[in-house]
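Coordinate inspection notes
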Amino acid sequence: MLTQASNTYDYIIAGAGSSGLSLAWHMVREGLDGKKLLVVDQNLTPENDKTWCFWEKNRPQFAHLIHRKWLQSDIFVNGDHYHQQLRQYPYYSIRSGHYRKSILDELQKDPRVTLMESPIRKLSGTETGAGLTCDKGHFQADFIFQSCFKPSLKRKPRYPLVQHFLGWEVTVNTEIFDADSFVLMDFDETYRQGLAFMYVLPWSSTSALLEYTIFSKEAEELPLYEKKLELYLHNRYGLKRLNYNIDRVEYGNIPMNDAIHDPWFAPRVLNVGANAGLTKPSTGYAFRRIQQHSRAIVDRLVTHGKPAPAPRSARRYRNYDLWLLQILHDHPREAQDVFQQLFKNNTLDELFCFLGEESNLREDFKIMKSVPWWPFLRAIWKTRRSLFSF
């Protein structure tokens, strides 16, 4: 049951998606000693409309909410098949409905937290405080953390791409899926407007989530994804439309670009989640980075009394992302060859370490040495003015 609100709080979280609820969870556990928190979203009913995946070397955050864990993966590219064991970085999935319900249930039991359902109309801030206006009134706080309004950009993207996908969660009557291994990428060589692949998360031998995913400059019309999913189920698994049930549909459109986000929406209103630029530009993954930023915010509130913006990635990782974005944006067919060499010459553990920005320079050099040199030399030349400023 939602709590009746007062008008003044220590902190307000505007938006109860992945980033807002993660931050609220960390606050309740570590940073709300004597403080009051208001969480506002237009809809606080848990919905199983998203699947968040990540890899983690240590025990993952929200381990109790893990839906599936895989220690094997398959990649199909240019006629080759690479089967990989994950010895250091297991791959995890969390369902958004389970995640939201668990955290909201915990927040609802905490007397320091107020939950409010209402469309948010306006956020404002001054040097002394911040304000939120919604259909239920105006509320003040020392700080607001927002993920509901697009922030301003310090620099617009030079290579604006989106990762867009349609997913079908299907069940079948026969055991056709390998429940122990997920398909990270099964490339579609027939798609020419970008880089396209199928992504398969098997829940069991008879159930899986299949997502037709594209990296390109703009999204496609819905029938294209549906046709690709139907063809894949037929060509890869021998299934006709009457052989499976579509239990759930999942759609996503994730920015992948080199934009630099302004960390503050307004004075004392801090951007979080994708609005803070936490989506990895070259992959679209964000869940693990959101957890890192949530912990950092709470640590700073406890030790300094004010939050800190999300730290930017080290310069070398920003440049790696920029080079791959340039290739994906201008030469998507070459990008497929880059991915093939990455998977052929490196273990998935090595790649996850690199993509998770935990590698050292020696490991970086091994990764970069394993890919075709010409696309990256051209990308370095085209982005040369940004090498020391990006």
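Shown above is the structure to which this text applies.
Summary of the structure given here. (Residues numbered from 1 in each chain as written. Predicted model: local features only at pLDDT ≥ 70, side-chain atom pairs only at ≥ 80, totals over all residues. Heavy atoms only, no water.)

It is at 10 Å that the axes of helix α1 (residues 18–31) and helix α2 (residues 96–108) come closest, and there the two elements cross at 35°. The chirality of how α1 crosses α2 is left-handed. Taking contact as the criterion, the partners of S18, L21, S22, A24, W25, V28 and R29 in α1 are, on α2, Y99, R100, I103, L104, E106 and L107. Its residues placed into classes, the contact of α1 with α2 shows 8 nonpolar, 2 polar and 3 charged. (Axes fitted to C-alpha atoms, helices over the stretch in contact; angles between N-to-C directions. Helix = DSSP H or I, 4+ residues; strand = E, 2+ residues; numbered from the N terminus. Left-handed = near helix turned anticlockwise from the far one by under 90°. Contact = heavy atoms within 4.5 Å. Nonpolar A, V, L, I, M, F, W, Y, C, P; charged D, E, K, R; others polar.)

What follows covers the side chain of N271. With respect to the helices and strands, N271 occurs in strand β20 (residues 269–271). The exposure class of N271 is buried, given its relative accessible area of 1%. At 2.7 Å, the side chain of N271 and the backbone oxygen of D262 are in polar contact. Setting aside residues up to four positions removed in sequence, N271 forms contacts with Q146, P151, D262, P263, W264, F265, A276 and H293. (Buried < 20%, exposed > 50% of the residue type's maximum accessible area, 1.4 Å probe, protein only. Polar contact = N/O pair within 3.5 Å; in protein donor to acceptor, adjacent residues only side chain to side chain.)

For the coordinates displayed, the defined rule picks out 1 cavity of 30 Å³ or more. By volume, the largest cavity amounts to about 40 Å³. S19, L23, V272, G273, L278, I290, H293, S294 and I297 are the residues that line the largest cavity. At the level of elements, α1 and α4 (287–304) are the ones that each hand at least two residues to the lining of the largest cavity. Take the lining of the largest cavity: its biggest share by element is 4 residues, from α4. Broken down by class, the residue content of the lining of the largest cavity amounts to 5 nonpolar, 4 polar and no charged. (1 Å grid on protein atoms, 1.4 Å probe; cavity = no way out; pocket = protein on both sides within 12 Å on 5 of 7 lines; lining within 4 Å. Points joined across faces, edges and corners; volume = space filled by probe spheres on them.)

Here we come to the packing of helix α5 (residues 315–330) against helix α9 (residues 373–382). At a closest axis distance of 9 Å, the pairing of α5 and α9 adopts a crossing angle of 105°. By the angle between their axes, α5 is roughly perpendicular relative to α9. Contacts from W323, Q326, I327 and D330 in α5 reach P375, F376, A379, I380 and K382 in α9. A per-class count over the contact of α5 with α9 returns 6 nonpolar, 1 polar and 2 charged. (Parallel < 35°, antiparallel > 145°, perpendicular 65-115°, else oblique.)

A full pass over the atoms with the stated rule returns 30 aromatic pairs. With a centroid separation of 5.0 Å and 70° between ring planes, the pair formed by F177 and Y237 is classed as edge-to-face. Taken as a pair, F177 in the loop between β13 (161–172) and β14 (181–187) and Y237 in helix α3 (residues 222–237) lie far apart in primary sequence, 60 residues in all. A relative accessible area of 5% places F177 in the buried class. In this structure an aromatic cluster arises from ring pairing among W25, W52, F54, F62, Y92, Y99 and F287. Across the ring face of Y9, the terminal group of K36 is positioned such that the distance to the ring centre comes to 5.2 Å. (Phe/Tyr/Trp six-rings, centres within 6.5 Å; stacked < 30°, edge-to-face > 60°. Lys NZ or Arg CZ within 6 Å of the ring centre and 35° of its normal.)

Moving on: the nonpolar core. Y91, L201, F339 and F343 are the most contacted members of the largest nonpolar core, which totals 45 residues. Sorting elements by how many residues they give to this core places α5 first, with 8 residues. Beyond its immediate stretch of four places on either side in the chain, F339 contacts M185, F187, L195, L324 and L328. One finds I13, L37, I103 and F287 within the second-largest nonpolar core, a separate group that totals 33 residues. (Core = buried A, V, L, I, M, F, W, Y, C linked by side-chain atoms within 4.5 Å.)

Every α-helix carries 3.6 residues per turn, so stepping three or four residues along brings you back to the same face. With 16 residues, α5 extends 22 Å from end C-alpha to end C-alpha; this agrees with the ideal 22 Å at 1.5 Å per step. Summarising burial for α5: 13 of the 16 residues are buried, a large majority. (Expected span 1.5 Å × (residues − 1).)

Judged by side-chain polarity, W373, W374 and L377 come together as a nonpolar surface patch covering roughly 390 Å² of accessible area. Tracing the sequence through the fold places W374 in helix α9. The partly exposed category is assigned to W374, whose relative accessible area is 46%. (Patch = residues over 30% accessible without salt bridge, like charges linked within 9 Å, V, L, I, M, F, W, Y side chains within 5 Å. Areas by Shrake-Rupley, 256 points an atom, 1.4 Å probe, with all protein chains shown as cover. Salt bridge = Lys/Arg side-chain N within 4 Å of Asp/Glu carboxyl O.)

Taking burial as the measure, the 12 residues of β13 include 11 buried ones, the bulk of the element. Note that β13 and strand β17 (residues 244–256) share 12 bridges and pair antiparallel. Each bridged residue has a counterpart across the sheet, and for E169 the counterpart in β17 is R248. Inspection of the sheet shows β13 paired to strand β16 (residues 207–216) by 10 bridges, in the antiparallel sense. Its bridge partner lying in β16, V170 is registered against A208. (Pairing = 2+ DSSP bridges.)

Let us now look at the sheet that holds strand β3 (residues 51–55). What the 3 strands build is an open sheet, ordered β3-β7-β4; its pairing is antiparallel. Each edge of the open sheet is held by one strand with a lone partner, namely β3 and β4 (68–70). Across the sheet, the mean angle from the axis of one strand to that of its neighbour is 20°, orientation sign disregarded. Contacting β3 and β7 (91–95), α2 runs over the sheet at an angle of about 65° to β7. The sheet contacts of α4 involve β3 and β7, and relative to β3 the element is tilted by about 80°.

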